[in-house]
Amino acid sequence: MNQLIQSALQKGDPALSEYKSKQMLKAYGIPVTRETLVQSPGEAAAAAGALGYPVVVKACSPRLMHKSEAGAVAVGIQDEAALLQAYDRITAAVAQPLEGMLIQEMVRGARELVVGLTRDAQFGPCVMLGLGGVLTEVLNDTAFRVAPFDADEALDMMAELRSKKMLDQFRGQAPADRQTLAQALVAVGRMALENEAIAEIDINPLIIDPQGRLMAVDALIVLQPTDRK
Ligand code: ADP
Ligand code: MG
C-alpha cells in the first residue's frame, strides 16, 4: 500500500492533509504549488524567503478539511512582517495540534477549475471536472467519467463543459494546457483504482495561470479503512 496512505490509516487520520494530498498528486504527475511545511515562525520566514513573496500561509492538518471557514488561510502575504502576523493569527484561530504550517507560492490566475473523485456504489471511481471559484455551485457546469479512461476521453470531458471557452485564450491569457489537464484527469482516476483506501479526492481549486499552466493549489484526499494490507 502507498506509504503516505498507510501511515495515515495507522494513525486513524480521516484524510491526508493538504501537504500530503499534494505529495500524492505530485507522485501521479499532477502539477502542484511549490510549498514547504514548517514548524515555527523562523522556519516560515526562511521558507517564504526561499519561495519569494507573495506567499500563502495555511494551517495544515488531516483534520482541517475546510480551512477558510476555520480562519486557516492567508493569501497574498507580501513581506515577513505580514507573514509573522498571519502565522500568529492562524495559530490562534485554529487552536488545535497541526502537522505544521504550510508556506506556499501564491499562484496568479483568474481561471479556477475543480477536479474531484467519488466512488459510486454501482460504477466505481468517477472523476469530475468542473468550473471552480465562487461560481461553482451557481453554474453547476460539470463533466463526469467512470475510471479508467484515456486522455482522449478526458479531452471530451473538457469539451462537454458549457464554459469550455474559458479553456481557450481568455481575456489576454493563454489557452489552458489541455494535455496536462487531460493527464491530470486520467491520473486522478488511476489513483483511485490503485488505492482502495481513497474514498474521495477534491482538487479545489486547480488554477490556470495567465500562461495557461495548471497548478493544484488545494487538494484533499479523504480516506476509508480497507481490509487489504
Ligand atoms: P479551503 O480548505 O478553504 O478550500 P484553499 O486552500 O482552497 O482552502 O484556499 C482557499 C482559497 O484561497 C482558494 O479557493 C483560492 O482561491 C485561494 N488560494 C489558496 N491557496 C492559494 C495559492 N497558493 N495561490 C493563490 N490562491 C490561493
Ligand atoms: Mg479549497
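Residues numbered from 1 in each chain as written. Chains lettered and ligands numbered in written order. Predicted model: local features only at pLDDT ≥ 70, side-chain atom pairs only at ≥ 80, totals over all residues. Heavy atoms only, no water.

1. Some words on the coordination of the magnesium ion (ligand 2)
The line we're drawing: A donor here means an N, O or S atom no more than 2.8 Å from the metal, or no more than 3.2 Å when the metal is Na, K or Ca. Since water is not included, a site may seem to lack partners. Secondary structure is summarised from DSSP: a helix means a run of H or I of at least four residues, a strand means a run of E of at least two, and numbering begins at the N terminus for each. Burial classes: relative accessible area under 20% of the type maximum marks a residue as buried, over 50% as exposed, and values in between as partly exposed (1.4 Å probe, protein chains only).
Around the magnesium ion (ligand 2), the protein contributes the donor atoms Asn204 (O) and Asp218 (OD), which lie 2.2 Å from the metal centre. Highlighted residues: asparagine 204 in strand β9 (residues 198-208) and aspartate 218 in the loop between β10 (214-216) and β11 (219-223), separated in sequence by 14 residues. Residue classification places aspartate 218 among the buried residues on the basis of a relative accessible area of 18%.

2. Structural notes on the nonpolar core
The criterion, for reference: By convention a nonpolar core is built from buried Ala, Val, Leu, Ile, Met, Phe, Trp, Tyr and Cys residues, the set being connected through side-chain atoms within 4.5 Å. Between two residues, a contact is recorded if the distance between any of their heavy atoms is within 4.5 Å.
The biggest cluster of nonpolar side chains holds 44 residues, and the ones touching the most others in it are Leu113, Leu129, Leu181, Leu185 and Met191. For this core, the leading source of residues is helix α7 (residues 178-194), giving nine residues. Those residues within four positions of leucine 129 in sequence are excluded, and the remaining contacts are Leu113, Val114, Val115, Asp141, Thr142, Ala143, Met157, Met158, Leu161, Leu181 and Leu185. Formed by 20 residues, the second largest nonpolar core is a distinct cluster that contains Ala47, Ala48, Val55 and Leu64.

3. Focus on helix α2 (residues 18-27)
Regarding α2, the residues found buried are Glu18, Lys20, Ser21, Lys22, Met24 and Leu25. Backbone geometry just downstream of α2 places glycine 29 in the positive-phi region, at approximately 80°.

4. Details of the packing of helix α6 (residues 151-160) against α7
The test is simple: A fitted line through C-alpha atoms represents every axis, and for helices the fit uses only the stretch in contact; the resulting angles, taken between N-to-C directions, go from 0 to 180 degrees. Comment on the angle field: the value is read as roughly parallel under 35 degrees, roughly antiparallel over 145, roughly perpendicular from 65 to 115, and oblique elsewhere. Gly counts as polar in this scheme, as do all residues outside two lists: the nonpolar Ala, Val, Leu, Ile, Met, Phe, Trp, Tyr, Cys and Pro, and the charged Asp, Glu, Lys and Arg.
Close contact between α6 and α7 brings their axes to 8 Å; oriented N to C, the two are set at 110°. The pairing of α6 with α7 is recorded here as roughly perpendicular in orientation. Residue-level contacts link Ala151, Ala154, Leu155, Met157 and Met158 of α6 to Arg178, Gln179, Leu181, Ala182, Gln183, Leu185 and Val186 of α7. Residues belonging to the contact of α6 with α7 are distributed by class as follows: nine nonpolar, two polar and one charged.

5. Description of α7
Cut-off, in case you're wondering: To estimate how far a helix should extend, the number of its residues minus one is multiplied by 1.5 Å. For the purposes of these results, a polar contact is taken to be a pair of N or O atoms within 3.5 Å, where, inside protein, one atom must be able to donate a hydrogen and its partner to accept one; residues adjacent in sequence count only when each atom of the pair is a side-chain atom.
End to end, α7 covers 24 Å across 17 residues, agreeing with the expected 24 Å (1.5 Å per residue, within 8%). Turning to α7, its buried residues number three or more, namely Leu181, Ala182, Ala184, Leu185, Val186, Ala187, Val188, Gly189, Met191 and Ala192. Near the N-terminus of α7, the side chain that reaches the backbone nitrogen of glutamine 179, with its oxygen 3.3 Å away, is that of aspartate 177.

6. Let's talk about unusual backbone geometry
For the bond running from tyrosine 53 to proline 54, omega is 0°, close enough to zero to count as cis. The residue alanine 95 is not glycine, and still its phi comes out positive at about 45°. Even without being a glycine, arginine 171 presents a positive backbone phi close to 45°. Its place among the elements puts arginine 171 in the loop between α6 and α7. Since its relative accessible area comes to 76%, arginine 171 is described here as exposed.

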